[in-house]
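Secondary and tertiary structure notes
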Amino acid sequence: MLGATIGPAPAAADPKEVGVWYDDTGKGAVKIEICTPTTLCGKIYWLQEPMSDGQPKVDRYNPDASQRSRPICGLPVLGDLVQLSGGGFDNGWVYDPKEGKSYDVALDLIDADTLKVTGYKGMRFLGKSFIWTRAPADLPSCAPDAAAAPGPVKKEAAGATKKPSKTAAGAAKPAATNVAATTTHKKKKAPDKAVATQPQPQPQQPVASN
């Protein structure tokens, strides 16, 4: 119709995985955000116990001694998550500050308030899955000054190495539950398969607290 105007196309909605999520322990929460047009990342947003011996908790188990004074609040723990054509996100990394290790990670939204986080090493179907629940909108941040996305860190800093091509990886990735990633992890193509809840090797369960 002449004279009709075409309004701007509506902006694409953010992925439903974006938001603040309590990890499976309920003692920490991670804020998942859009970090690049095609990837999601996350950082520790809230801790039930942010202090230790009267001081803010720090990344004391990081294999890189120069990184051990970094505050746990605001610590990057998820990164490079790419959306899969069939739904969900995969091929990312997760950092577990409780052991200073990084793993591969995948996210699958079960419903609006439930997120399945699968940590693995090399082969997703051998990984271990944890359930995160959406936190209330008014949950206070433990690090208000950590709103800006942290800059990349050397891979060595988080003990991360180039993702191995489909090798064993059981619960080695539990870090996906509590979060704490501090290095940039190179991505590798991971099979878009259903996640097994029973891992082969049973790695320690990661946590957002230290």
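The structure displayed is predicted, hence computed values, not measured ones.

On to the overall build of the protein chain, then. Helices and strands together make up the secondary structure of the protein chain, namely zero helices and 10 strands. Taken over 210 residues, the protein chain has a buried fraction of 50%. Considering only contacts within the protein chain whose residues lie at least 6 apart along the sequence, 66% involve residues at least 24 apart. Approximately 10300 Å² of the protein chain is accessible, and the part contributed by carbon and sulfur atoms is 56%.

A few words now on the sheet that holds strand 6 (residues 76–83). Spatial strand order, 1-2-3-6-7-8-9-10: eight strands in a closed barrel with antiparallel pairing. Sheet twist, expressed as the mean angle between neighbouring strand axes with direction ignored, is 35°. Looking at chain direction, strand 1 (residues 19–22) and strand 2 (residues 28–36) are connected through four bridges and run antiparallel. The partner of Trp21 across the bridge, within strand 2, is Val30.

When pLDDT is averaged along the protein chain, the result is 76, and 63% of the positions lie at 70 or above. A low-confidence stretch, residues 146–210 stays under pLDDT 50, and its non-local contacts, those more than four residues away or across chains, total 242 contacts.

Looking now at the environment of Arg70. Secondary-structure assignment places Arg70 in the loop between strand 5 (55–56) and strand 6. Residue classification places Arg70 among the buried residues on the basis of a relative accessible area of 16%. Separated by 14 residues in sequence, Arg70 and Pro56 have C-alpha atoms that sit 9.7 Å apart.

Across soluble globular proteins, you tend to see nonpolar side chains buried next to one another. In this structure, Ile32, Leu78, Leu81, Leu107, Leu115 and Trp132 are the most contacted members of the largest nonpolar core, which totals 23 residues. Elements that contribute at least two residues to this core include exactly strand 2, strand 3 (39–47), strand 6, strand 7 (89–96), strand 8 (101–111) and strand 9 (114–120). The biggest single contributor to this core is strand 7, with four residues. In this structure, Ile32 is in contact with Glu17, Val18, Gly19, Trp21, Leu40, Cys41, Gly42, Leu78, Leu107, Leu115 and Trp132, ignoring residues within four places of it in sequence.

On to the state of the cysteines, then. Considering all chains together, one arrives at two disulfides under this definition. The disulfide partner of Cys35 is Cys41, and the gap between their sulfur atoms is 1.5 Å. Between Cys73 and Cys142 runs a disulfide, and the two sulfur atoms are separated by 2.3 Å. Across the S-S bond linking Cys73 and Cys142, the dihedral sits near -130°, which makes this disulfide left-handed. Placement of the pair is Cys73 in the loop between strand 5 and strand 6 and Cys142 in the segment after strand 10 (128–134), with a sequence separation of 69 residues. When the bonded cysteines of the protein chain are counted from the start of the sequence, the pairing works out to 1-2, 3-4.

A word on the environment of Asp64. For Asp64, the position within the fold is in the loop between strand 5 and strand 6. Taking the relative accessible area as the measure of exposure, Asp64 reaches 16% and is therefore buried. Residues Asp64 and Gly100, 36 residues apart in the sequence, show an inter-C-alpha distance of 9.0 Å. Separated by 2.7 Å, the side chains of Asp64 and Ser66 make a polar contact.

Summed over all chains, the structure comprises six salt bridges. In this structure, Asp59 engages Arg70 in a salt bridge whose closest nitrogen and oxygen atoms are separated by 2.9 Å. With Asp59 in the loop between strand 5 and strand 6 and Arg70 in the loop between strand 5 and strand 6, this pair connects stretches of sequence that are 11 residues apart. We note a salt bridge from Arg124 to Asp108, for which the minimum N-O separation is 2.4 Å. Of this pair, Arg124 sits in the loop between strand 9 and strand 10 while Asp108 is found in strand 8, placing the two residues 16 residues apart along the sequence. Side by side, Arg124 and Asp108 carry an identical accessibility label, which is buried.

About the criteria used
Residue positions are given per chain, counted from 1 along the sequence in the order it is written. Note on the predicted model: pLDDT of at least 70 is required for a residue's local features to be given, and 80 or more for side-chain atom pairs to be given and counted; whole-chain, interface and lining totals, by contrast, use all residues. Derived side-chain values reflect all non-hydrogen atoms in the structure, with water molecules and hydrogen atoms excluded from consideration. Starting at the N terminus, helices and strands are each numbered in turn, a helix being any DSSP run of H or I of at least four residues and a strand any DSSP run of E of at least two. Accessible area is worked out with a 1.4 Å probe on protein chains only. A residue is then buried under 20% of its type maximum, exposed over 50%, and partly exposed in between. Two residues qualify as a contact provided that any one of their heavy atoms is within 4.5 Å of a heavy atom in the partner residue. The protein chains shown are the only cover counted for residues, whose accessible areas, like all others here, come from Shrake-Rupley with a 1.4 Å probe. Two strands qualify as a pair provided DSSP detects at least 2 bridges between them. Comment: axis = line fitted to C-alpha atoms, over the contacting stretch for helices; angle = value between 0 and 180 degrees taken between N-to-C directions. Confidence scores per residue from the predictor, reported as pLDDT, run from 0 to 100. To define a nonpolar core, start from buried Ala, Val, Leu, Ile, Met, Phe, Trp, Tyr and Cys residues and group those joined through side-chain atoms within 4.5 Å. Two cysteine sulfur atoms form a disulfide, by the criterion used here, when they sit within 2.5 Å. Pairs of N or O atoms are called polar contacts if they sit within 3.5 Å, as long as, within protein, a hydrogen donor faces a hydrogen acceptor (for residues adjacent in sequence, only side-chain-to-side-chain pairs). A side-chain nitrogen of Lys or Arg and a carboxyl oxygen of Asp or Glu constitute a salt bridge if their distance falls within 4 Å.

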